[in-house]
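# Fold and contact review
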Amino acid sequence: MISTFEELPDIDAANVVRCARVLLRRPLLRADGPDGDLLPMIYRQRAALQDVFSGLLGYRLVVERRFARLYKAGPGEDAGRGVEALSPRGYAYFALTLAALTGIGRQVLLSRLVSDVRAAASEAGVEIADDPADRRALTAALRHLVSLGVITETEGSVTAESAAEALITIDTDMLGQLVAGPLAEASDPQQLVELASAAGPRQVEQAVRRKLIEDPVVLYADLPPEQASWLREHVINESRLLERFFGLVGEARAEGVVVCDPEDYLTDLAFPGPGTVARIALLALPELLDRGEPDSAGRHPVTWQDFADVCQELVDSYPSAWSRQATEDHQDLVRSVIELLGRLGLLREHEGSWLLSPAAHRWLPQPDATPSQQQRESEPPAPEAPGWSLFDEMEEAAR
């Protein structure tokens, strides 16, 4: 299917897979950035890599001596997981800064750049406020551009202090590689999002593969009918393809496909994870799965009150196990748990409540401590966590 790849010796083919994994994690790869030592290998294998990405995923790959840029498809309406340091306001400033940097030259003072960004915001009809929160959002956008290598702090540094000054150097070559969407073809922002997320020439198969590559859990119920039908028919072959070209392992189940990275290199959000919110989210899953009957796709309906009750029970039962800062505001704790499960792809909003993915059955934890003696005396023993899992026992149906 990928002729250039098929002709490679085994060692070179293994190197192509290694480089492909790096590019999936770092779509903008610089020689002086993380994993930059692989750039010479990517340059040598650029023909095979371009063949793999364009043929399988419909992605364009640009490789130069100083950088490599993989143009992934945009997320479309499903924003998914973004840059943690950027709030929606920060993303707005990021886009405005790109507009301001275009045509500004090779170097600029920070004060001049900030002034141009605010002017671009005014021209675009974006309301701005010169307050600490607004300055932090702009600083986060500028710091992200520094991390990408697009701007360099030649003298001074980018900070949220309005009086601070710095000399900024712009890498115009890198700047020209950032925007993935076809700006010239879009008449408004919505159309740009749609064009950036459009599938490649082989629309159904490439759209499905993109989901499998980018999302840890893909449920048939969440796909358009033609994509779900295609994946059911080709799920075994696609699992082999994911492993051969990207080192990923696909697990086919009745409800969908789970894709894992045995090396965790492509795992951008680990779960279970450290911290109070992650541990409460993990321990809440068995109880949440018992709260309602699953629908035909195996998804469990849950409400805000379900989350509030389960989180409160865990906080009260194990008071010494949690960070006081994370649990002092119960509403904020519940909101954080919901956001985390949503970022993991385990939770989807539906008609004012949520649907918990059947993949949540993969985690049925037991606390490693027991509630206090007072709790044991005043409350009946908790029911045992369910011992079955939709994703573990439906193998026959998935075949």
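Predicted model only: the values in this text are computed from it and were never measured.

### Regarding the overall build of the protein chain
- Counting secondary structure elements, the protein chain contains 18 helices and 12 strands.
- For the protein chain, the accessible surface area stands at approximately 21200 Å², while carbon and sulfur atoms represent 49% of it.

### Thoughts on the confidence of the model for the protein chain
- When pLDDT is averaged along the protein chain, the result is 86; 89% of the residues meet or exceed 70.
- When pLDDT is averaged over each helix and strand of the protein chain, the minimum, 44, is found for helix α16 (residues 373–378) and the maximum, 96, for helix α3 (residues 39–44).
- Scored below 50 in pLDDT, residues 373–378 makes 3 contacts in the model with residues more than four places away or belonging to other chains.
- Below a pLDDT of 50 lies the segment residues 393–399, which in the model reaches 8 contacts outside its immediate sequence neighbourhood of four places, other chains included.

### As for the sheet that holds strand β11 (residues 347–350)
- Within the open sheet, the 3 strands sit side by side as β10-β12-β11. Their pairing is antiparallel. Pairing within the sheet leaves two strands with one partner each, and these edge strands are β10 (300–302) and β11. Neighbour to neighbour, the strand axes of the sheet diverge by 35 degrees on average, direction disregarded.
- With 3 bridges joining them, β10 and strand β12 (residues 353–356) adopt antiparallel strand pairing.

### Description of the packing of aromatic side chains
- Evaluation of the coordinates by the stated rule reveals 4 aromatic pairs.
- With a centroid separation of 5.2 Å and 75 degrees between ring planes, the pair formed by F271 and W363 is classed as edge-to-face. Of this pair, F271 sits in the loop between β9 (256–260) and α12 (276–289) while W363 sits in the loop between β12 and α16, and the two are 92 residues apart along the sequence.
- A relative accessible area of 13% means that F271 is categorised as buried.
- Taken together, a centroid distance of 6.1 Å and an interplanar angle of 85 degrees make the contact between F307 and W354 edge-to-face. Within this pair, whereas F307 is found in helix α13 (residues 304–317), its partner W354 is found in strand β12, the two being separated by 47 residues in sequence.
- Relative accessible area serves as the criterion here: at 14%, W354 is assigned to the buried category.
- When the ring centre of Y43 is taken as reference, the NZ or CZ atom of R46 above it lies at 4.0 Å.
- The ring of Y71 is capped by R69, whose NZ or CZ atom sits 4.6 Å from the centre of that ring.

### Overview of the pattern of salt bridges
- A complete count under the given rule lists 23 salt bridges for this structure.
- Here E6 ties to R244 by a salt bridge, and the two come within 2.8 Å at their closest N and O atoms. With E6 in helix α1 (residues 3–6) and R244 in helix α11 (residues 225–246), this pair connects stretches of sequence that are 238 residues apart.
- What makes E6 partly exposed here is its relative accessible area of 38%.
- For R244, a relative accessible area of 45% puts it in the partly exposed group.
- The residue R299 makes a salt bridge to D222 at a minimum N-O spacing of 3.0 Å. Here D222 lies in the loop between β7 (217–219) and α11 and R299 lies in the loop between α12 and β10, a separation of 77 residues in the sequence.
- Here the salt bridges share partners, and the residues they tie into one network are D222, D295, R299 and R348.

### Remarks on unusual backbone geometry
- Cis geometry is found at the peptide bond from F271 to P272, where omega equals 0 degrees.
- Turning to its location among the elements, P272 is positioned in the loop between β9 and α12.
- Notably, D264 is not glycine yet its phi reads approximately 65 degrees, a positive angle.
- The backbone of E351 sits at a positive phi, close to 50 degrees, despite the residue not being glycine.
- Along the chain, the position of E351 falls in the loop between β11 and β12.

### Focus: helix α15 (residues 330–343)
- Between its terminal C-alpha atoms α15 stretches 20 Å, which fits the 20 Å expected from 14 residues at 1.5 Å a residue.
- Taken together, the buried positions of α15 are occupied by H330, L333, V334, V337, I338, L340 and L341. Mapping the buried residues of α15 onto a view down its axis gives an arc of 160 degrees, with all of them on the same face.
- One side-chain oxygen of the residue at the start of α15 lies 3.2 Å from the amide nitrogen of Q331, identifying that residue as D329.
- After α15 finishes, the residue G345 shows a positive phi value of roughly 80 degrees.

### Regarding the nonpolar core
- Core analysis: the biggest nonpolar cluster contains 44 residues, and L49, F53, L231 and F246 have the highest contact counts within it.
- Those elements that place two or more of their residues in this core are α2 (10–25), α3, α4 (46–57), β2 (60–63), β3 (67–71), α10 (203–214), α11 and β9.
- Shared between two domains, this core takes at least three residues from each, and those domains are domain 1 (3–71) and domain 3 (200–260).
- Among all residues touching F53, those that are not within four sequence positions of it are A20, L23, L24, G58, Y59, L61, L70 and F246.
- Formed by 36 residues, the second largest nonpolar core is a distinct cluster that contains L314, V337, I338 and A360.

Conventions adopted
Residues numbered from 1 in each chain as written. Predicted model: local features only at pLDDT ≥ 70, side-chain atom pairs only at ≥ 80, totals over all residues. Heavy atoms only, no water. Helix = DSSP H or I, 4+ residues; strand = E, 2+ residues; numbered from the N terminus. Areas by Shrake-Rupley, 256 points an atom, 1.4 Å probe, with all protein chains shown as cover. pLDDT = per-residue confidence, 0-100. Contact = heavy atoms within 4.5 Å. Pairing = 2+ DSSP bridges. Axes fitted to C-alpha atoms, helices over the stretch in contact; angles between N-to-C directions. Phe/Tyr/Trp six-rings, centres within 6.5 Å; stacked < 30°, edge-to-face > 60°. Buried < 20%, exposed > 50% of the residue type's maximum accessible area, 1.4 Å probe, protein only. Lys NZ or Arg CZ within 6 Å of the ring centre and 35° of its normal. Salt bridge = Lys/Arg side-chain N within 4 Å of Asp/Glu carboxyl O. Expected span 1.5 Å × (residues − 1). Arc of directions from axis to C-beta. Polar contact = N/O pair within 3.5 Å; in protein donor to acceptor, adjacent residues only side chain to side chain. Core = buried A, V, L, I, M, F, W, Y, C linked by side-chain atoms within 4.5 Å. Domains from an automatic or database assignment.

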